[in-house]
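Structural overview for review
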Number of protein chains: 2
Amino acid sequence: MTTFHGWAAHASGAPLQPLSFDPGPMDAEDVEIAVEYCGVCHSDLAMVDSEWFPTNYPVVPGHEVVGTIVAVGPQAKGRAVGQRVGVGWHSKSCLHCHHCMGGEQNLCGTRQPTIIGRHGGFADKMRAHWSWAIPLPATLDPVSAGPLMCGGGTAFLPFVVHGIKPTDRVGVVGIGGLGHLAVKFAKAWGCEVTAFTSSPAKRQEALLLGAHRTVSSVDVAELKAFAGQLDFLLVTVGATLEWDALLATLAPKGRMHLVGVVTQAMSVRTSGLLSWQRSISASPTPSPAMLGQMLAFCARHGIAPQVEHFALSDVNAALDHLRSGNARYRVVLDARA
Amino acid sequence: MTTFHGWAAHASGAPLQPLSFDPGPMDAEDVEIAVEYCGVCHSDLAMVDSEWFPTNYPVVPGHEVVGTIVAVGPQAKGRAVGQRVGVGWHSKSCLHCHHCMGGEQNLCGTRQPTIIGRHGGFADKMRAHWSWAIPLPATLDPVSAGPLMCGGGTAFLPFVVHGIKPTDRVGVVGIGGLGHLAVKFAKAWGCEVTAFTSSPAKRQEALLLGAHRTVSSVDVAELKAFAGQLDFLLVTVGATLEWDALLATLAPKGRMHLVGVVTQAMSVRTSGLLSWQRSISASPTPSPAMLGQMLAFCARHGIAPQVEHFALSDVNAALDHLRSGNARYRVVLDARA
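So, here is what we can say about the structure in this document. Source: prediction; values computed, not measured.

Rotating chain A by 180 degrees about the axis while translating it 0.0 Å along that axis superimposes it on chain B, leaving an RMSD of 0.0 Å. Interpreted geometrically, this transformation is the action of a two-fold axis. Across chain A, the smallest distance between a C-alpha and the rotation axis is recorded for Ser267 of chain A, namely 2.1 Å. A shared binding surface is used by both copies, with 100% of the interface residues of chain A retained as interface residues in chain B.

This brings us to the sheet that holds strand β12 (residues 213–216) of chain B. Sheet architecture is open: 12 strands sit in the order β12(A)-β11(A)-β10(A)-β13(A)-β14(A)-β16(A)-β16(B)-β14(B)-β13(B)-β10(B)-β11(B)-β12(B), paired in mixed fashion. Strands at the two margins of the open sheet, each flanked by one partner only, are β12 (213–216) of chain A together with β12 of chain B. Taking each pair of neighbouring strands and ignoring which way they run, the sheet shows an average axis angle of 20 degrees. Inspection of the sheet shows strand β11 (residues 192–197) of chain A paired to β12 of chain A by four bridges, in the parallel sense. Pairing of Phe196 of chain A across the sheet is with Val215 of chain A, part of β12 of chain A. Where helix α4 (residues 151–161) of chain B meets the sheet, its contacts fall on β10 (169–173), β13 (230–235) and β14 (250–258) of chain B, and the angle it forms with β13 of chain B comes to roughly 155 degrees. Helix-sheet contacts for helix α6 (residues 200–209) of chain B involve β11 (192–197) and β12 of chain B, and the interaxial angle to β12 of chain B is about 155 degrees.

Let's shift gears to the pairing of strand β17 (residues 307–311) of chain A. Residues and elements named next belong to chain A. Where β17 lies against strand β18 (residues 330–334), five bridges are found, and the strand directions are parallel. Paired with Ala311 across the two strands is Asp334, which belongs to β18. A crossover connection joins β17 to the parallel β18 through helix α11 (residues 315–324); in handedness this β-α-β unit is right-handed.

Once that is clear, we can look at helix α10 (residues 288–301) of chain B. Since the α-helix turns once every 3.6 residues, residues separated by three or four places project in the same direction. All names here are of chain B. Here α10 is 14 residues long and its end C-alpha atoms lie 20 Å apart, about the 20 Å a rise of 1.5 Å per residue gives. All of the buried residues along α10 are Pro288, Met290, Leu291, Met294, Leu295, Phe297 and Cys298. Directly after α10, the chain includes Gly302, whose backbone phi takes a positive value near 65 degrees.

It is worth spelling out the interface of chain A and chain B at this point. Often the size quoted for an interface is simply the accessible area lost on bringing the parts together. Taken together, the contact pairs 36 residues of chain A with 36 residues of chain B. Buried area between chain A and chain B, summed over both chains or domains, comes out near 2900 Å², and the portion from carbon and sulfur atoms is 57%. On the chain A side of the contact with chain B, Thr270, Leu274 and Gln277 of chain A bury the most area, a combined 22% of that side's loss. One can count two salt bridges joining chain A with chain B. In this structure, Glu104 of chain A engages Lys253 of chain B in a salt bridge whose closest nitrogen and oxygen atoms are separated by 2.7 Å. In this structure, the connection of chain A to chain B is made through 13 residue pairs in polar contact (both at pLDDT 80 or more).

For the rest of this paragraph, the subject is the environment of Val215 of chain A. Residues and elements named next belong to chain A. Examined against the element boundaries, Val215 turns out to sit in strand β12. Residue classification places Val215 among the buried positions, given a relative accessible area of 4%. Residues Val215 and Ala8, spaced 207 residues apart in sequence, show a C-alpha to C-alpha distance of 39 Å. The residues touching Val215, leaving out its near neighbours within four places in the chain, are Thr194, Ala195, Phe196, Thr197, Arg203, Glu222, Leu223 and Phe226.

We now examine the nonpolar core. One finds Trp243 and Met256 of chain A together with Trp243 and Met256 of chain B to be the most contacted residues of the largest nonpolar core, which totals 46 residues. The contacts of Trp243 of chain A, once residues within four sequence positions are left out, are Val235, Met256, Leu258, Val262, Met266, Ser267 and Val268 of chain A.

We now examine unusual backbone geometry. All names here are of chain A. At the junction of Tyr57 and Pro58, the peptide bond is cis and its omega measures out at -5 degrees in the coordinates. With an omega dihedral of -15 degrees, the bond running from Arg328 to Tyr329 counts as a cis peptide bond. With respect to the secondary-structure elements, Tyr329 resides in the loop between α11 and β18. Its identity is not glycine, yet Gln277 carries a phi of approximately 55 degrees, on the positive side. Mapped onto the fold, Gln277 is located in the loop between α9 (271–274) and β16 (279–282). Relative accessible area serves as the criterion here: at 9%, Gln277 is assigned to the buried category.

Bringing the side chain of Asp168 of chain B into the picture now. Residues and elements named next belong to chain B. Structurally, the position occupied by Asp168 is in the loop between α4 and β10. We classify Asp168 as buried; its relative accessible area is 10%. Contacts of Asp168, omitting those with residues within four sequence positions, involve Gly163, Cys191, Glu192 and Asp231.

Bringing the pairing of strand β18 (residues 330–334) of chain B into the picture now. Of all five residues in β18 of chain B, five are buried, a share of seventy percent or more. Burial along β18 of chain B is two-sided: Arg330, Val332 and Asp334 of chain B facing one way and Val331 and Leu333 of chain B facing the other are all buried.

Counting across every chain of the model gives 27 salt bridges over all chains. Between Asp231 of chain B and Arg169 of chain B there is a salt bridge; the shortest N-O distance is 3.0 Å. A residue pair is termed long-range when its members are at least 10 positions apart, and Asp231 of chain B in strand β13 and Arg169 of chain B in strand β10 qualify at 62 residues. Using a relative accessible area of 28% as the deciding quantity, one classes Arg169 of chain B as partly exposed. Each member of the salt-bridge network shares a partner with another, and the members are Glu32, Lys125 and Arg127 of chain A.

On to α6 of chain B, then. Residues and elements named next belong to chain B. Buried within α6 are the following residues: Lys202, Glu205, Ala206 and Leu209. Down the axis, α6 shows its buried residues gathered within 110 degrees of arc, on one side only. Away from the buried face of α6 by more than 90 degrees, exposed residues Pro200, Gln204 and Leu208 are located. Tucked into the core, α6 has its buried residues touching α5 (177–188), β11 and β12.

Thresholds, definitions, all that
Residue numbers run consecutively from 1 along every chain, following the written order of its sequence. Labels are handed out in written order, letters beginning with A for the chains and numbers beginning with 1 for the ligands. pLDDT decides what is reported in this predicted model: residues at 70 or higher carry local features, side-chain atom pairs at 80 or more are listed and counted, and totals for whole chains, interfaces and linings draw on all residues regardless. The side-chain numbers reported here are obtained from all heavy atoms of the structure, hydrogens and water having been left aside. Least squares is used to superpose the copies, and the fit set is the C-alpha atoms of residues whose pLDDT is at least 70 in both copies. Every residue pair with non-hydrogen atoms within 4.5 Å of one another is taken to be in contact. Any two strands between which DSSP finds at least two bridges are classified as paired. In this text, helices come from DSSP runs of H or I with a minimum length of four residues, and strands from runs of E with a minimum of two, each type numbered from the N-terminal end. Here, axes are lines fitted to C-alpha atoms. For helices the fit covers the stretch in contact, and angles between N-to-C directions go from 0 to 180 degrees. The crossover handedness rule: strands pointing away from the viewer, path from first strand over the helix to second strand clockwise, crossover right-handed. Given a helix with a known number of residues, its expected span is that number minus one, times 1.5 Å. Only protein chains enter the area calculation, which uses a 1.4 Å probe; residues under 20% of their type maximum are buried, those over 50% are exposed, and those in between are partly exposed. Summed over both partners, the accessible surface that disappears when two parts come together, traced with a 1.4 Å probe, is what is meant by buried area. Salt-bridge detection follows one rule: a side-chain nitrogen of Lys or Arg within 4 Å of a carboxyl oxygen of Asp or Glu. N or O atoms closer than or at 3.5 Å make up a polar contact, with two conditions inside protein: a donor-capable atom paired with an acceptor-capable one, and, for residues adjacent in sequence, both atoms drawn from side chains. Joining through side-chain atoms within 4.5 Å is the link that ties buried Ala, Val, Leu, Ile, Met, Phe, Trp, Tyr and Cys residues into a set, and such a set is a nonpolar core. Taken from the helix axis, the directions to the C-beta atoms give the arc we talk about.

This is the structure:
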């Protein structure tokens, strides 16, 4: 019998507790990964706290995994023992539907999130289908790479699928785990970058991250004074915001794109969309190919998440730190500490 | 002194009355048009009824004009007396801003709607900047072409700017002035076409217009049974609809696009956007170049609005017919009758 040792949530809001479990027989197409580092994402909190739906407890959270492959199933392709890989929000997809065949496995109707119905990366080991275990570029620092696998990919996808150009004026709302990476991506993309935050302290930090200017994300008067200035506005927070005022910061043909999970319905006046040919869109985490592309882009541009480390055994302190809103900007658990 | 003879609204909801007025000196870049036909659009009703904002009365509605040029200003370019042209929602733009210089004069910040602050086509004559008086292809029947200038253009623009492909599965919500043309465009575009209507009678009519199937636009159970089927959903009505259920008819990466003026705020759950990378967008009427492209497309594909004719002197009966919801599908006034 194989035994994995993780930290599991057993009830909404309760502290995580050690859990030893048998992962069962390994699938022929899976790889088994010895976890080195695992980022902590708001989606982990959402699962711990049953925020989106009643979580099926116990669950071992963790879906920003960096680790080394320790076993490969007989049908796993292109992966080898000893290879360092990252795993993000998804760990499996059907591989034969229209979307999988088209290279968008992240849109597969039966895609499997890493921490829904399976255990994730707050553990010594975890498993994923080989296709979702993405090889890490050798020049990327594994110590801080974990948050790229979910937060980074989520912030990166919109730049690719919406064809953002270096001539574009890009806004980023929320300077947190996703937002601080989005600012770095936009800067490396060659764009003019405006950071929107509700925190006066983060306005200064955003400039250090690469933003050219900052605007309050909550002061409607300040937002209105910034009307018509942006081609693309990436909203990285999961809260109800001043949607109409944010939409009005867009120039004609501008797009507001959401990557934060907003649980309340969004109310917008459609006249702001119609008169100026604007769009609202949103997206999940990327496909394996795009995750690989994002990692290569980060390695080439020296983009790394700004992280704070906790030992995996201090996972509850790490979760509290994230909940407090004081994380700068992503918490990473060291699974071997 | 020059005198134009039109039919004007003088107060919200009141019948239109004859109005003779002096249009003033003609601008050097304008053309003067003897109106032959003018379509009646819901936006005319919105102005007559002060639906969007308090209308500055009196106003001569009418912005789906077909007529013949009877005078050209000394700086008018590419237009000649005797030429048959169409004029739509816009009659002027600045020509020197980023959007005008980029060929999107319809997004100019100082674009002038034909019936806001000026008098429109429910008259014997009207004027427009030469660039917004679009030459009609010789093979296009002028008797029914008027509604192409606003309704047609509005329904056409999304196919162009969003790159709709013949392989796409396209839905059209609302089979009216815009919607019946959108069905014809989608059919000519080579798409699979689904018509959504609240009217059982129009379901049969939509099939005759070219739709491959019909779905109720208001029955949530029927909408839910159609989940995930469309790449593009064009909403041509200006009412509050079952937005979440309509969004759910989209496949991953699908887009819901509005061309109807919805005065109530739109409320949507963003999870439907985020999980499947969907978009919501909207657009106004097209640029002069795109209006010309649309007219050429209609001429080549034999696409004409299905219209009912009224004499201009019967304009109040025409407005009542439109208000009744019984128009099939666009009312055209004959200015010389």
